[in-house]
Amino acid sequence: MHTVVLTKGVPDFREGQVSFDDDGHLERGKTPTVMNPNDRHALRAALQTKVRNGGTVSLMSMGPPGYMEVLQEGMRDVYADDLYLLSDREMGAADTWATAMTVATGIQKLADPPDLVFAGFKTADGETGHTGPQTEWCLDMPLVTHVISLDIAEDEGILRAKRLVEGDVEEIETVEAPLPAFVVADPEFEPTYRRADHRLRHKDLRETAGDRADEFGEYLDDGSDLDPTDWDRFTMWDHAALNLDPDYIGLDGSPTIVAGVDPIPKAPSEREATVVDPNDDAAMGGVVEELAPYAGGD
Amino acid sequence: MTDDYEHYEAVVVGAGPGGAAAAATLARNGVETLVLERGVDAGSKNVSGGLIYAEESSPYTIDELFPGFREEASDREVTEHYIHNVAGREVKTFDLGELHHHDTEWADSVLRRKMDSWLAREVHEMTRETGGGLLTEVRVNGLLREGAEIVGVTCDELDPIEADVIIAADGVNSELARDAGLMDWEEPDEWFQGVKAVVDMPEGAIEGRFDVDGDEGVAHLFSGDLFENVRGGGFLYTNDESLSIGTVFHLDSIADERAEPQELLDNLLTHPLLTDWLGGEYDELEYSAKLVPDSKKVAHPSPYRDRLLLVGDAAGQMQAQGPIIKGMNHAVTAGALAAEAFVDARSRGDTDAAGERYVAKLEAEGVMDKLRPTRYRTLGKLGEVGPVASAMDAVTDSVVGRAAISALGDRAESLFNSPFLMGMLPDTRMGYVTVPTVIAEELGEPVDGLNTVEPPELDDRIGDLTYDVDEGNPHIELRDNAFAASGTAVTACPVSAEDFGGGCYRDEYVGTNGTEEHVVSLDTQPCVECGTCAVVADTDWTHPRGGKGVEYERG
Ligand SMILES: Cc1cc2nc3c(=O)[nH]c(=O)nc-3n(C[C@H](O)[C@H](O)[C@H](O)COP(=O)(O)OP(=O)(O)OC[C@H]3O[C@@H](n4cnc5c(N)ncnc54)[C@H](O)[C@@H]3O)c2cc1C
Ligand code: SF4
């Protein structure tokens, strides 16, 4: 079983991490890049497949060389065996379509064609939710989205999944699809390991993948003169390696037109606060007085 | 359709010393062994005093099963041992070295998180080679049966698992022993309750204050009038960089006296005798508690049923040899013997005979006689008969008794050092309270020193512990909330106290239809899973699900 997981780096939007300039624009240089949080669900689904069914996991991303650290983090999380980064200037500023084209080409170039491709449900920066399904369209595989639980019957060549369908009411649908297939994991995805041998394998994998990720870390270390592309489990492909025409990828290949950008309202930079001692009756009286109008509906 | 179940040759439940010894012995003999432990890490649920003994007469010791144990997992080799008989400020100290050294190759101080997690790593490596391994955060919640026969285990976190042998090393509140009908948790006089504080020591303080070398340690025991007539005693052991200070009392005595365990511990911590050792500064790193079985009463003579074999505390194999507590070493011996019994049975193609073989080995190796000494059965029990006990107590405290003790002088020390006498000591006030108090009054010297230690309040002690609370899923339920049925838990629970709103058990008066009922309420959030209320209150008691509940960092 060969599984490919797609992931990308996004700005770390957690409080205290993200930097905006005076116009409210995101300062990418000052904001750390982390793995797209929704990809973790895809990673977990892939891990479950690897633990239960064996095989290998390849982790693939398209983006700048800085994403190598995101891939390394993924290796530790999903116990990936091989890392792929599709990266060069021509691929920059791609919209979801150009990304899907590039990534699908990368998947098709793999020596071992995947039985399953996993993608997260949307990115924390773009939030379109398009890249997964568009990649699938390029690959022409059955697509199962919003997957919350998954079982692979390798001998029958099918996957059985439960998917969350949100309409007027939430429904859980059970579906089957032939392999190879493309799976978009829902944030509700919960891996389950109800057999001891699965948990034991999980433990083994954690150890070996942790060691592997550490090994890659030595190549990524700031002071290191090792070239990451020399590491045998990491592959970097540029557009030429993928045989892609620069007119059809990156900014030039992106049909999406951004109509305008609304600045994000500035977060209140300072809030005034007064510390009140709960044992100080007079001060507490003041708090009650301040709150009373709100309680009264004013 | 049991064909669908996962199957291992051996499943070991619990990764304490008993489980570790069993698993290591099975793995060495090539038995495919799965070890299931409910804590987030082995040792995260465990508490002991703790001195681990290697007995000369024992067929197995921990360092034989795990070479490297003493270098990696234990703290100091304890080379000096004293017991302090206390009456107010009067103290008479006896050297207890002889009793400690009797049948002892070595005794080391240990902290359970460090010790058990080291053992677990070793066990995982060894058992992995057999196709099994060790899993944490899995709570076994019962026995899998085929018809009436036990064939495996059921778990909260995993599907049922079948095994040719199940070794229950799941400790004092063994749910498996109970499920099999081999043990119950009904009589408070069959259990001890231990409560302990781990106290930080500045670098070099142990060597300076206890006058020992860098790798040596000391054991101090305490008895007398420190503990408000509750039967039991206190201990202080030196670890690498901390002290383990605690108390162990008969649970029936805690219950009868309505004693607050944490206050009894504080009585010890604040006694002037501890002034120099504590050095005025008191930094409590961890507060913990646990029950232990009294092997004299509950060590099961035939601890098996079908494929299930009980070892260690689960089989009641915790020996109180007078003031010396030996549970870990017996768990190790029993664990290894149970494993050996299975290996023997397997090599003869008759794995069903493992239980019988295990019992035979416990007898043949003299384990059962240590756990339930014949001399206790004949003499000790007699001493516990009410009128006899009172008479003995009165005589000790009388002019005659006092004169006798005065006349004995330091020869009393050799009586304390007699394993023979200690083995038949009746579990009465006389041994624990009266004799030591009279010794201190007749032979002791006053200790000076001003102990300024202020032990933390209970809410701080609870607040410093790590919990992963299983919200909405309480692991203990009150079957009868009437004060008469369950009220003892308010005082006996080591994280509850009268007039304390932040603990597990609280007493309340509820008015209905003009009448007022005295009831108790229970909130398991601060529970340290000691097991006390399983015995003294009317509860449905289980362990929390795997990984949930309290997580000791030291133990
Ligand atoms: C305060 C105190 C002082 C003591 N002092 C000493 C001393 O100085 N020397 C000494 O030798 N002994 C001492 N003891 C006794 C000693 O701690 C025990 O006798 C010993 O730990 C028993 O070992 P065991 O392997 O049988 O059980 P435990 O050490 O209790 O281990 C049982 C294991 O099983 C796990 N478990 C329980 N239920 C389940 C389940 N359902 N599923 C999965 N896992 C489960 C637990 O998490 C635990 O890890 C003391 C005890 C106390 C409380
Ligand atoms: S609630 Fe019961 S098990 Fe928990 S700490 Fe209190 S007495 Fe012990």
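If you're wondering where the values come from, they're calculated on a predicted model, not measured in any experiment. (Residues numbered from 1 in each chain as written. Chains lettered and ligands numbered in written order. Predicted model: local features only at pLDDT ≥ 70, side-chain atom pairs only at ≥ 80, totals over all residues. Heavy atoms only, no water.)

Colleague: In this structure, what is going on with the overall build of chain A? I would like to understand it.
Modeller: Within chain A, the regular secondary structure consists of six helices and 11 strands. In terms of overall dimensions, chain A has C-alpha extents of about 75 × 45 × 45 Å along its principal axes. Burial analysis of chain A (298 residues in total) assigns 42% to the buried set. The long-range share in chain A, meaning contacts at least 24 apart out of those at least 6 apart in sequence, stands at 70%. Seen as two clouds, the 25 positive and the 60 negative side-chain charges of chain A have centres 7 Å apart. (Helix = DSSP H or I, 4+ residues; strand = E, 2+ residues; numbered from the N terminus. Buried < 20%, exposed > 50% of the residue type's maximum accessible area, 1.4 Å probe, protein only. Contact = heavy atoms within 4.5 Å. Lys, Arg positive; Asp, Glu negative; His and termini not counted. Charge placed at Lys NZ, Arg CZ, Asp CG, Glu CD.)

Colleague: Even after reading the chapter, I still don't get the domain arrangement of chain B, so can you show me in this structure?
Modeller: Many authors give the size of an interface as the accessible area that is lost as the parts come together. Residues and elements named next belong to chain B. For chain B, the domain assignment lists domain 1 (7–75 + 110–183 + 300–371), domain 2 (76–106 + 184–296 + 374–455) and domain 3 (469–551). On a C-alpha basis, the centres of domain 1 and domain 2 stand 30 Å from each other. Across the domain 1 to domain 2 interface the summed buried area is about 3600 Å²; carbon plus sulfur atoms make up 57%. Summed over the shared surface of domain 1 and domain 2, the number is three salt bridges. Of the charged contacts in the structure, one is a salt bridge between Arg70 and Glu77, with a shortest N-O distance of 2.9 Å. At the surface where domain 1 touches domain 2, the tally comes to 16 residue pairs in polar contact (both at pLDDT 80 or more). (Domains from an automatic or database assignment. Buried area = accessible area lost by both parts, 1.4 Å probe. Salt bridge = Lys/Arg side-chain N within 4 Å of Asp/Glu carboxyl O. Polar contact = N/O pair within 3.5 Å; in protein donor to acceptor, adjacent residues only side chain to side chain.)

Colleague: How should I be thinking about the site of ligand 2 in this particular structure?
Modeller: Residue and element names in this part refer to chain B. Around ligand 2, the surrounding shell holds 13 residues, and the nearest of these are Cys493, Cys527, Cys530, Gly531 and Cys533. Its atoms largely coinciding with the cavity grid, ligand 2 occupies the second largest cavity. In terms of residue class, the shell around ligand 2 is made up of 10 nonpolar, two polar and one charged. (Near = heavy atom within 4 Å. 1 Å grid on protein atoms, 1.4 Å probe; cavity = no way out; pocket = protein on both sides within 12 Å on 5 of 7 lines; lining within 4 Å. Sits in = over half its atoms within 2 Å of the grid points. Nonpolar A, V, L, I, M, F, W, Y, C, P; charged D, E, K, R; others polar.)

Colleague: Explain the environment of Tyr282 of chain B to me, please; I cannot follow it from the model alone.
Modeller: All names here are of chain B. Mapped onto the secondary structure, Tyr282 falls in the loop between helix H10 (275–278) and strand S15 (284–293). C-alpha separation for the pair Tyr282 and Leu269, spaced 13 residues apart in sequence, amounts to 9.5 Å. Sequence-distant contacts of Tyr282, defined by excluding residues within four places in its chain, comprise Ala197, Val199, Leu269, Val453, Glu454, Pro455, Pro456 and Arg461. Engagement of the side chain of Tyr282 in a polar contact is seen with the side chain of Glu284, the distance being 2.5 Å.

Colleague: Explain the interface of chain A and chain B here, please?
Modeller: With 10 residues of chain A at the contact, the number on the chain B side is 18 residues. Surface buried jointly by chain A and chain B totals about 1100 Å² across both partners, of which 47% is contributed by carbon and sulfur atoms. For chain A, the biggest contributors to the area lost against chain B are Arg194, Arg199 and Leu200 of chain A; these three give 54% of the whole. For the interface between chain A and chain B, the tally reads two salt bridges. Here Asp159 of chain B ties to Arg194 of chain A by a salt bridge, and the two come within 3.1 Å at their closest N and O atoms. For the interface between chain A and chain B, the tally reads 10 residue pairs in polar contact (both at pLDDT 80 or more).

Colleague: How do you make sense of the side chain of Glu6 of chain B when you look at a structure like this?
Modeller: For Glu6 of chain B, the position within the fold is in strand S1 (residues 6–13). Polar side-chain contacts of Glu6 of chain B include one of 2.7 Å to the backbone nitrogen of Ala196 of chain A. At a separation of 2.8 Å, a polar atom in the side chain of Glu6 of chain B contacts the main-chain amide nitrogen of Asp197 of chain A. In contact with Glu6 of chain B, other than residues within four places in its own chain, are Arg195, Ala196 and Asp197 of chain A together with Pro160, Ile161 and Glu162 of chain B.

Colleague: It is not clear to me how the pairing of strand S8 (residues 158–166) of chain A should be interpreted in this structure. Could you clarify?
Modeller: The two faces of the sheet receive side chains in turn, since in a regular strand these alternate between them. Residues and elements named next belong to chain A. As judged from the six bridges shared by strand S7 (residues 143–153) and S8, these two strands associate in the antiparallel manner. By the bridge assignment, Ser149 is partnered in S8 with Lys162. Taking the residues that link successive antiparallel strands as the turn, the S7-S8 hairpin has four residues, and the phi of Gly157 there is positive, at about 70°. Where S8 and strand S9 (residues 170–178) come together, nine bridges link them in antiparallel fashion. Pairing of Arg163 across the sheet is with Glu173, part of S9. The antiparallel pairing of S8 with S9 creates a hairpin that spans three residues between the two strands. (Pairing = 2+ DSSP bridges.)

Colleague: Help me out: how do you make sense of empty space enclosed by the protein in this one?
Modeller: Over the atoms rolls a probe the size of a water molecule, and its path tells where empty space is left. All names here are of chain B. Tallied over the entire structure, the rule returns five cavities of 30 Å³ or more. Empty space within the largest cavity amounts to approximately 780 Å³. Lining the largest cavity are 47 residues, and of these Asn46, Val47, Arg112, Lys290 and Asp313 sit closest to its centre. Only helix H1 (17–28), helix H6 (175–179), strand S11 (191–200), strand S13 (232–238), strand S14 (242–250), S15 and helix H12 (328–347) provide two or more residues apiece to the lining of the largest cavity. Taken together, the residues of the lining of the largest cavity break down into 22 nonpolar, 15 polar and 10 charged. When residues of the lining of the largest cavity are assigned to domains, at least three fall in each of domain 1 (7–75 + 110–183 + 300–371) and domain 2 (76–106 + 184–296 + 374–455). Its boundaries defined by the atoms lining it, the second largest cavity holds a volume of some 60 Å³. Taken together, 14 residues form the lining of the second largest cavity, with Ile476, Cys493, Cys527, Cys530 and Cys533 sitting closest to its centre. Looking at the lining of the second largest cavity residue by residue, the class counts come to 11 nonpolar, two polar and one charged. (Points joined across faces, edges and corners; volume = space filled by probe spheres on them.)

Colleague: Teacher, can you tell me more about the sheet that holds strand S11 (residues 234–237) of chain A here?
Modeller: Picture the strands of a sheet paired through backbone hydrogen bonds; they go either parallel or antiparallel. All names here are of chain A. On the basis of which strands lie adjacent, the open sheet formed by nine strands has the order S9-S8-S7-S10-S6-S1-S4-S5-S11 and mixed pairing. Bordering the open sheet on either side are S9 and S11, each of which pairs with just one other strand. Strand-to-strand twist across the sheet, computed as the mean angle between neighbouring axes with direction ignored, equals 30°. Against the sheet, helix H3 (residues 96–109) touches strand S1 (2–6), strand S4 (56–62), strand S5 (82–86), strand S6 (116–119) and S11, its axis set at about 145° to S4. Sheet strands in contact with helix H4 (residues 131–139) are S1, S6, S7 and strand S10 (181–185), and its direction is about 180° off that of S10. (Axes fitted to C-alpha atoms, helices over the stretch in contact; angles between N-to-C directions.)

Colleague: What should I look at first to understand H1 of chain B in this one?
Modeller: Residues separated by three or four positions in an α-helix point in the same direction, a consequence of the helix having 3.6 residues per turn. Residue and element names in this part refer to chain B. Look at H1: 16 Å from first C-alpha to last across 12 residues, which is about the 16 Å you get at 1.5 Å a residue. The element H1 is extensively covered by neighbouring structure, given that 11 of its 12 residues are classed as buried. Listed as buried for H1 are Pro17, Gly18, Gly19, Ala20, Ala21, Ala22, Ala23, Ala24, Thr25, Leu26 and Ala27. The elements touched by buried residues of H1 are S1, strand S2 (33–36), helix H2 (62–65), helix H5 (112–128), strand S10 (161–168) and H12. Where H1 ends, the next residue or the one after it, Gly30, has phi of about 75°, a positive value. (Expected span 1.5 Å × (residues − 1).)

Colleague: What is the right way to read the environment of Val47 of chain B from this model?
Modeller: Relative to the helices and strands, Val47 of chain B resides in the loop between S2 and strand S3 (51–55). Expressed as a C-alpha distance, the spacing of Val47 of chain B and Gly555 of chain B, which sit 508 residues apart in the sequence, is 4.3 Å.

Colleague: Explain the packing of aromatic side chains here, please?
Modeller: Describing an aromatic ring pair means giving the distance of the ring centres and the angle of the ring planes. Inspection of every chain in the model, using the stated rule, returns 13 aromatic pairs over all chains. Ring geometry for Phe69 of chain B and Trp118 of chain B: centres 6.1 Å apart, planes at 70°, overall edge-to-face. Of this pair, Phe69 of chain B sits in helix H3 (residues 69–72) while Trp118 of chain B sits in helix H5, placing them 49 residues apart in sequence. The class of Phe69 of chain B is buried, set by a relative accessible area of 0%. The rings of Phe216, Tyr219, Trp231 and Phe234 of chain A are connected pair by pair, giving a single aromatic cluster. The aromatic ring of Trp185 of chain B is capped on one face by Arg178 of chain B, whose charged end is 3.8 Å from the ring centroid. The positively charged end of Lys326 of chain B is found above the aromatic ring belonging to Tyr53 of chain B, 4.8 Å away from the centroid. (Phe/Tyr/Trp six-rings, centres within 6.5 Å; stacked < 30°, edge-to-face > 60°. Lys NZ or Arg CZ within 6 Å of the ring centre and 35° of its normal.)

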